[in-house]
Amino acid sequence: MIGVVDYGMGNLLSVTNALETLGGDVVLCTEPEQLYSVERLVLPGVGAFEASMNNLRSSGLVETLTQCVLDKGIPLLAICLGMQVLAKRSREFGNHEGLGWFDSEVVRLQPTDEKLKIPHIGWNNLEIKREHRLLQGLPKSSDVYFVHSYHMQCKNPEDVVATCEYGQSVTAAIARDNIFATQFHPEKSQ
């Protein structure tokens, strides 16, 4: 059973549809207790960092997510804003604390090419930095779909699985132990 965490900030329908198309048995998890009954978790996200963390806290999901993922080792896939909340902090519209699971900071994209627009919307070439089972079978250079204005800067380069170029190097995917996260949208990237 795959639990998709519903904290009011995700693209739940497209994520759920993609997982079901791949043969997954999916349940939307709105209550913290539901997280204990799944084998895998997906933390989607669309919107602003502060609102996302506020929703996770007010719904009581932070403590339970931490127990399930960090203590029990339930595999987690975090997508877009879901990836960003794994950071220690974000600089989006102020300074905000994240879950702190990765020694990283979320900062605004600052491409060196003035022709590149913010937000970064559309297809971009993924550059795989190291192997990971969730990218298995993908060519070293694959096109994936992005929608974001901020990105994660990891202090530990070993956490970075893939990057892309958008007038600067952008962290596109991170992984450690049972946690895998993408800035791009795998459900839209096919």
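Shown above is the structure to which this text applies.
All of these numbers come straight from a predicted model, not from anything done at the bench. (Residues numbered from 1 in each chain as written. Predicted model: local features only at pLDDT ≥ 70, side-chain atom pairs only at ≥ 80, totals over all residues. Heavy atoms only, no water.)

## Side note on the environment of arginine 108
- Mapped onto the elements, arginine 108 comes out in strand E7 (residues 102-108).
- Put simply, arginine 108 and glycine 24 are 84 residues apart on the chain and 34 Å apart in space, counted from C-alpha to C-alpha.
- Ignoring anything within four residues of it in the chain, the contact list for arginine 108 reads Ile118, Ser149, Tyr150 and His151. (Helix = DSSP H or I, 4+ residues; strand = E, 2+ residues; numbered from the N terminus. Contact = heavy atoms within 4.5 Å.)

## What about the pairing of strand E11 (residues 160-165)?
- By the criterion of burial, E11 is predominantly enclosed, with 5 of the 6 residues buried.
- Relative to E11, strand E8 (residues 120-128) runs antiparallel, the two sharing 2 bridges. Counterpart to glutamate 127 in the pairing with E11 is threonine 163.
- Relative to strand E12 (residues 169-176), E11 is paired through 5 bridges, and the arrangement is antiparallel. Paired with valine 160 across the bridge in E12 is isoleucine 174.
- Here E11 folds back onto E12 in antiparallel fashion, the turn holding 3 residues, of which glycine 167 has a positive phi close to 70 degrees. (Buried < 20%, exposed > 50% of the residue type's maximum accessible area, 1.4 Å probe, protein only. Pairing = 2+ DSSP bridges.)

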